[in-house]
Each structure stands twice: as C-alpha cells, then as structure tokens.
Amino acid sequence: MSNPYAKLPGWVEYGLIPLVNLAVAFLVAGLVVLLVGENPFEAAYHLINGAFGRGEYIGFTLYYATTFIFTGLAVAVAFHAGLFNIGGEGQAYVGGIGVALACLWLDQTMPWFVVFPLAIIGSALFGAAWAFLPGWLQAKRGSHIVITTIMFNFIASSLMVYLLTRVLKPLGSMSPQTRTFAEGGQLPKLDWLLSIFGLEIGTAPFNVSFLLALVAAFGVWLLIWRTKLGYEMRTMGHSPSAARYAGMSESRITVVTMMISGALAGMMALNPIMGEQGRMQLDFVQGAGFVGIAVALMGRSHPAGIIPAAVLFGVLYQGGAEISFEMPSISRDMIVIIQGLVILFAGALENMFRPAITRLFSTSSRRAAVVAQTKGA
Amino acid sequence: MDSIAIELRGIDKSFGPVHANKNINLKVRKGTIHGVIGENGAGKSTLMSILYGFYQADSGEIHVDGKQVTIRDPNAAIAAGIGMVHQHFMLVENFTVLENIMLGAEESQILNKGIAKAREELKRLEREYALEVNPDAIIEELPVGLQQRVEILKALYRRADILILDEPTGVLTPAEADHLFRVLEQLKSQGKTIILITHKLREIMAITDEVSVMRRGEMVATRKTAETSVEELAELMVGRRVLLRVEKGAANPGDVKLSVKGLTVKDGRGVTMVDNVSFDLRAGEIVGIAGVAGNGQSELLEAISGIRRAVSGDVQLNGQPVNVTGHVDPKDLRDRGLAHVPEDRHHVGLVLKFEECENAILGYHHDKRYLNGVFLNVDAIRKDAEQRIAEYDIRPPNARLKTANFSGGNQQKIVLAREMERGPDVLIIGQPTRGVDVGAIEFIHKRIIEMRDQGKAVLLVSVELDEIRALSDRILVMFAGRVVGERDPDATEGELGLLMAGVEGRKEAAE
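Here the structure is a predicted model, which is why all the values come from computation and not from measurement. (Residues numbered from 1 in each chain as written. Chains lettered and ligands numbered in written order. Predicted model: local features only at pLDDT ≥ 70, side-chain atom pairs only at ≥ 80, totals over all residues.)

Side note on the overall build of chain A
Now for step 1: Of the regular secondary structure elements, chain A holds 16 helices and zero strands.
Now for step 2: With the C-alpha coordinates aligned to their principal axes, the bounding extent of chain A is approximately 85 × 60 × 40 Å.
Now for step 3: In chain A, which comprises 377 residues, the proportion classed as buried is 51%. (Helix = DSSP H or I, 4+ residues; strand = E, 2+ residues; numbered from the N terminus. Buried ≥ 20, exposed ≤ 12 C-beta atoms within 10 Å, placed from the backbone.)

A few points about the overall build of chain B
Now for step 1: Counting secondary structure elements, chain B contains 18 helices and 22 strands.
Now for step 2: Relative to the compact-globule value of 24 Å for 511 residues, chain B shows a C-alpha radius of gyration of 24 Å, a close match.
Now for step 3: Dimensions of chain B along its principal axes, counting C-alpha atoms only, are 65 × 55 × 45 Å.
Now for step 4: When burial is assessed residue by residue, chain B has 47% of its 511 residues classed as buried.
Now for step 5: Within chain B, residue pairs in contact and separated by at least 24 positions form 67% of the contacts whose partners lie at least 6 positions apart. (Rg over C-alpha atoms; globule rule 2.2 N^0.38 Å. Contact = placed C-beta atoms within 7 Å.)

A look at the interface of chain A and chain B
Now for step 1: Each partner contributes to the interface: chain A provides 23 residues, whereas chain B provides 30 residues.
Now for step 2: Secondary structure elements with two or more residues in the side of chain A that touches chain B: α9 (228-238), α10 (240-245) and α16 (354-369) of chain A.
Now for step 3: Taken together, the residues of the side of chain A that touches chain B break down into eight nonpolar, nine polar and six charged. (Nonpolar A, V, L, I, M, F, W, Y, C, P; charged D, E, K, R; others polar.)

A closer look at the sheet that holds strand β9 (residues 210-215) of chain B
All names here are of chain B.
Now for step 1: The strand order β6-β7-β8-β3-β9-β10 describes an open sheet built from six strands, whose pairing is mixed. This sheet does not close on itself; its edge strands, each paired only once, are β6 (82-85) and β10 (218-224). Each neighbouring strand pair of the sheet contributes to a mean axis angle of 20 degrees, computed without reference to strand direction.
Now for step 2: Pairing of β6 with strand β7 (residues 162-166) involves four bridges; the strand directions are parallel. (Pairing = 2+ DSSP bridges. Axes fitted to C-alpha atoms, helices over the stretch in contact; angles between N-to-C directions.)

Some words on the nonpolar core
Now for step 1: Ranked by size, the top nonpolar core spans 265 residues in total, and within it Leu73(A), Phe313(A) and Val477(B) carry the most contacts.
Now for step 2: In terms of residue count, helix α3 (residues 55-80) of chain A provides more of this core than any other element does, 17 residues in total.
Now for step 3: For Phe313(A), the contacting residues outside a window of four places in its chain are Tyr64(A), Phe68(A), Val291(A), Ala294(A) and Val295(A). (Core = buried A, V, L, I, M, F, W, Y, C linked by C-beta atoms within 7 Å.)

A few points about the environment of Leu362(B)
Residues and elements named next belong to chain B.
Now for step 1: Along the chain, leucine 362 falls in the loop between α12 (356-359) and β17 (371-372).
Now for step 2: Judged by the 26 C-beta atoms lying within 10 Å of it, leucine 362 falls in the buried class.
Now for step 3: Considering only alpha carbons, one finds leucine 362 and leucine 180, 182 residues apart in sequence, at a separation of 41 Å.

Thoughts on helix α4 (residues 111-129) of chain B
Now for step 1: End to end, α4(B) covers 26 Å across 19 residues, agreeing with the expected 27 Å (1.5 Å per residue, within 8%).
Now for step 2: Immediately beyond the C-terminal end of α4(B), within one or two residues, lies Ala130(B), with a positive phi of roughly 55 degrees. (Expected span 1.5 Å × (residues − 1).)

What about the packing of α3(A) against helix α8 (residues 209-226) of chain A?
Residue and element names in this part refer to chain A.
Now for step 1: Two numbers describe how α3 lies on α8: the axes approach to 9 Å, and their chain directions differ by 20 degrees. For the element pair α3 / α8, the angle class is roughly parallel. The element α3 and its partner α8 pack so that their crossing is left-handed. The segment α3 lies against α8, with Leu62, Thr66, Ile69, Phe70, Leu73, Ala76, Val77 and His80 engaging Ser209, Phe210, Ala213, Ala216, Ala217, Val220 and Ile224. (Parallel < 35°, antiparallel > 145°, perpendicular 65-115°, else oblique. Left-handed = near helix turned anticlockwise from the far one by under 90°.)

Notes on the packing of α8(A) against α9(A)
Residue and element names in this part refer to chain A.
Now for step 1: Interaxial distance between α8 and α9 falls to 5 Å at its minimum, and their mutual angle equals 70 degrees. The orientation of α8 relative to α9 falls into the category roughly perpendicular. On α9, the residues that touch Leu223, Ile224, Trp225 and Arg226 of α8 are Leu229, Gly230, Met233 and Arg234.
Now for step 2: For the contact of α8 with α9, the residue count by class is five nonpolar, one polar and two charged.

With respect to the domain arrangement of chain B
All names here are of chain B.
Now for step 1: The domain architecture assigned to chain B consists of domain 1 (4-238) and domain 2 (256-510).
Now for step 2: Computed over C-alpha atoms only, the centres of domain 1 and domain 2 are separated by 33 Å.
Now for step 3: With 10 residues of domain 1 at the interface, the matching set in domain 2 holds 14 residues.
Now for step 4: Contributing elements (two or more residues each) for the side of domain 1 that touches domain 2: α6 (174-189) and α8 (230-238).
Now for step 5: Here the side of domain 1 that touches domain 2 gets three residues from one element, more than from any other, and that element is α8.
Now for step 6: Grouping the amino acids of the side of domain 1 that touches domain 2 by side-chain chemistry returns six nonpolar, three polar and one charged. (Domains from an automatic or database assignment.)

Next comes the structure, spelled out in structure tokens:
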C-alpha cells in the first residue's frame, strides 16, 4: 500500500516501459535534428542502415556492443552491492596494461589462444587492482566510492600518458602507443559467425572477445543469483542493516565487489587492443566506461538486459558515425546528444511514464475483474 | 448531538491490484469520539489519508457538515475543518513550539506580526482546552507526550473541528495516554469531533462513543461502544474467534544461559543509551523488558546480538564470554546458539526485495546444507523454505514471492520460523507483534511459549505492556537506559506504568 508503483506484468516492466522511454528519447532527438534543419527521417534511416545495412556494419555494431557489455556488467555488479562504480573508465584503461604486457611478452612466440587467456587474466588483474584502492578506501576509511573512483579515472589517465610516452612506447616512435603486436597478439575475427547468417564481415573488427563477453554475462548471472557471495552482495545492496544483522562483513563485500567490477571493466581492454588495433594506444577506452553506466541502468543491472542495452548503444555508436558521415551538418556531437537523451529518458527519467502506464493497467485489470463496478478511475 | 460531522459515501480506492478501500460508508456524529479499528492492512490509514487529502478516492463522496466537499490536498482538508495528528509527528525538531504551530500559516513574509498573533491565539487555546505548553520550548527538548500536544494544538490553531488521531498512544507511557484521553474528553465536551484510529481494543472501550471496524478494505460493522465487547470487536476484526490471552503454565527455570553484567552502550553521538544494565536469563523462562520506546531497549538488543559495540560490560552466552566491547561476528553468536528476531523486520530482519526463500536463510546462509561449494544450493533452500511455510502457516504459501508482498504478520512469521527452527538456546525477540494482525499475534505468542516450554531462554522486548504481561515470567522495566525495577507478571499496570515513566524507579534507586 505504501508502494505507489504497483506490480506490473513482466512484459510491461521489462519490455513496454523501456521501449516507451526509448521511443520518447528518439522522438526528442528527432526534434533536435529538425531544429538543425535536417530531415529526422533521413537521419533515422542512416542510423538504422549504418548499424544494420551490411554485414560489415553489423560487425562494427557488435564490436562496440562487446565493449559495452563488459563495462555495463562492471557497473551492474557494483550496483547489486549498492556501490556506484563510476571508475569503469579508469579501470578499463589500466586493464589495458595487463593486455599489452601479455601481448608484448608472448606475441612473437605463441599463438593467440595461448596469449588470449593470459591477456584475460592480465586485464582482469590490473582492472581489479585499480578498483581495489577505492573499494579499500571506502571500506576502511569511509571515503565515498563515487568521489574516489572519479579521481582514480584522472589518475589512470595521467598514469597511462606517462606509460605510453615513456615506458611502453618503442624507441624512436613518435606516437604514444605500444608497438604493433605480431599475430599472436591479435584476436581472430568472428567472420564465420556472421557468415552463418550470410553476412560479410568486411573490415569490421568483430572478434572472439564478443564470445568472452557473453561468457562473462553468464558468469555475472551465476555470481549474483547463484553464489553465496552474490547473495551477500545483494543483501548489502538492498539493506546494509540486514547485512550487518546477518553477520556479513561490509568491508569485505565492498572490496571484493569492487575488485570483480574492476576486473570486468578491465577485460573491456581486450576488445580494442587485441581485437582491433593490435596495439595499445592513448585513450583507447573512449568513454566506454561511462557508457557502461547507461547500459547497466537500461539493462536493469541484469545480464539479460545488459546485452540488448549494449547492442543498442553499439547501434548508436556505429549508426551515429554513419549519420555524421552522410549528413555533414549533423556532427559527432549530435550523436552524443542522442546518446544523452537515451540515457536521460531510460535512466534518469526512467519512471516518468510509469504512473500513467500503471494507471492504464490497473484500471483495465480492475474493469475486467469487477464488472459490477460502475465507474472506473 | 445527532447531526453528522463527517459522512463518507461509497469510498473506493485501489493501488494497482490492491483494493485498499471497498465501497466504504461511514458516519461520524458531531461531538463524539469515534473509533476506527482494524488489523494492519485493513485500510484504516488509506481511508484517513483520503479524508485528509493525501490520496484521492477512485470514487465516492465526502460530506462535511452535510455539504459535499472535494479534498484534493491537506490544505483543502484544513479548510474543511479537518485536522490530523499523525502517528509519527510532523514537527520540526529544532523549532520552538510557537514556530511549529505557525509553520505553514505564517500569513505574511515578515514574521513579527504573525508571531505576536500566534502567541495570543495559542494562549487562548491553552486556556480553552487546558493544553498547557511553553510556546518557546524547543520541540526536541520536550517529552513525547508534550510533542503530541503540540500536534493537537497545531490542528486547533488551524481551526479544526474534526480531529483525526492515528495510533496516538503508540509512543506514550500509560500515564501519558491517560492524560491524552482526558484531553480528548475535554475537546469533545467543547464540541469537537474526534476520530481515533487504533488497533488497541482497550482504548476503544475506554474512550470512544462509537466504533467502526474495518477488515480487508471493507467496513464490516459500526457499533455503539457501550453495546459491544472486546471479544466481539476482536472477532469482527479478524473474522473468526480469537484467543486474546494465550494459556501458559508455570515457568521451570534452569541454568543461566545468558548473563549480562554492567552493560553500557552509547549511540553514535556519544549519548549513553544503555546504562550499566545487568540481568540473568535462564533456560525455560521468558524475561520481558518493558519500557516506553526509546529508553535503550533497542540498543540493549543490538549490543547483545553483536550488531552494536558496547562501551563496557560483560556478557556470557552459555557460560562463555562474548566480546561485546570489541568486534563480534553475529554469525559466531548464531553458531553458539543465540537467535535474534530484530525489532525492525523491514530493514534488519528481512530484505523486502528478496524472495521469501532467500530471506529464510538470511544469517544462516553459511550453513553447508544450503551450499554447493561457493554456489547456493537453490533446491535445498526452496525445499526448506516450503517446509517452514507449511509449519508456520505462512500465507500465501509461495517461497518465491517477493517478501514485500507478504502481510506484516506473515513477514514476522518468516523471521520467527528462521530463528526458531534451529532450536537456539537463547532467543532474543524485539517487538514480536508490531504491525502484526490479531490472528497472527495468537500464533506468535503460542510459539514463543512453546520455545520456553522446550527449555529455551527467551528475552522479550516489547513496547506493548499487555504483551509483556501476557508472556513474561519476570518483567524488567527500562527507563532512560537503566533497569529501574523487576516485577512479577501479575504486577498491576499502574505499578509498571509508574516505573516506565521513571517515577517509582527514582525512588527505588534512592532507597
């Protein structure tokens, strides 16, 4: 009774409401396109076509989606324990060190399937280590994780500039990046997966780390809903006082959760470094850590929601690039506006249409139930 | 006398699938005290919230003094002469009485004039209704009974003719409650109409002229108080005959299971909440701790169960020391035979967003039977939960339902089932029946006595004096963090009430 949001059927809760939010976001984005003096329908065509029009485009869309699955999972895991990890950006960035070290060490002597597992471990370890510090600071010193993770993003950025200009850069090179890896440091593309559907991958960097992302999504589901640790995390996330009552150690859960979150964020680095560039460049994360927050929000912190949400953002990235290519008066910044609107309506204003939809469903269900009732609401 | 102050016609209200009020009709006569009783979730609060403008009815009419009114918000309710005294006071703690009373009725941007006027008006009200209170006192420095008086004055200042009081005695000592009733009588004699919402049948019998009973969203009966009885009202509330006082044999105390010596606990601000408390708890007895809420009972429970660190003191469980002044792992205490039903089941005893079966292992999730390595053994967890749902008659019998969707009584049964089922040596129970319907109270009381008869040591904390007297074999009374007296369960209510108010206790300590 105290809950103003009555329970809705699952398909409304997880299907209709996100779709309505998304539709409104695109509607408003369309208005913005109109304001710039362009045709929103043409923009919509380029967005869809740019994301799905060809096998190559689909490959790019899924390549971006892979990145966002990792960062989205990272944010979601922390959400479940009531922690808001804004540091995915920095954790992914530092995770790159683990990938780069594994590749630089073994790429010339070992095949990719030997280097890959080591790179996975490396990226996870470095990402986890970068998240450990804010977690530990919150657990032991009470420094709020939102503040510290933001600060650690900046520290990571400076650290990586230093490493890529002074330490990891090959002698004599002018660009802030590692040397290009040999074959052992590059992941095979998933051209065979697309060709099952009769699609050509072209130049798209869609690679095996996508499969790893799916495995990670399943792993997160297992962790959260099927392990003792996940149970403790959820207890703390919902009610810290209940966790204390049950004898769960708040500081242990905080630190461990942050490390898992950081490890997932770190694994994102595999996709651009080993899957696309074949080297570690400055700023390879490109805001994916922050997109992960939106993905986790849209996906309701559930792996089954995060995967489609990550694909949606993959569409926005890939299709958006296509819009700015085809329609010069719509710049890259317009795409950022559209992404911002999606985040705004799917995240911050998530509950805006809920009361109306709830009313719709409660009146219709009551009318069905109580025929004798003369007047509805 | 016979004119109608408030009439509700066909009030209907749903929250999604929950039909909170079904076609409610209610007539309240002018100048009477009208009781509204019902179990938790019967729809009393919803009905009163509609009357006071917090919610809008889906359909139905409200008539005040014979005229139909539309009450869209509390301002409209005040304009219609309806005032409300909430269960949890709506006062600004660091404002003075006067400032609180004029809050929202300042009349102009500059306060000077308004203050002078309010002060005068307040004096008049105090004279008229014998409601003395110092207008310049700070709210947080006033005792709860006086704070409530300020709430009443607030309503009167806004010229309320109809006063709604929502569970007004929950936070009062028996003496303060008596005083409140005298005030209400006084108001009635001045022609005010009072609606009293409560679940305490005794209060209804003591003070009301008429009483309406709600059950599951419906108004099931209205009776003249003089023509009904506690038994009839209880039956109307629950829909079946209930035992108001459970049968209980003599206690058979054995060894000391829990020994507390000189326990002192401070809260976050360094205020002493538990002050040098000592007692022994033996196997096969129920020791009740009586006291008005906020006199240290909560902190005492938390310290003993390892949730809150004590400043000093010595606690022994089964003869083994518990490190109450250092780090205590509640899990360790569970392993040593201590079970704890916390006072606040919504935030501590349960995770409301969890499925029932997930809450059924809270605190016992380390148990090997629920684990396969690091994984949860979901089958075992659900099977155990279903078994206990059957044993404790938890409804609806669905282990996968979200806990928030169970009623208060069933939520409490979930906690009790979890804590009792493992046969602990010591069971600590806080507010076993707070927010629990009458039907479930009987069940819970029986189970607690069963535990005692099995030779368990039970420590019971409750702000319901009736409950303490019905269950306990010994009663300790707490006031201002100290145990101010020990009494037999047949001590009179007056005697315990004085102790709870700190009157007798001070004398006793001085002697």
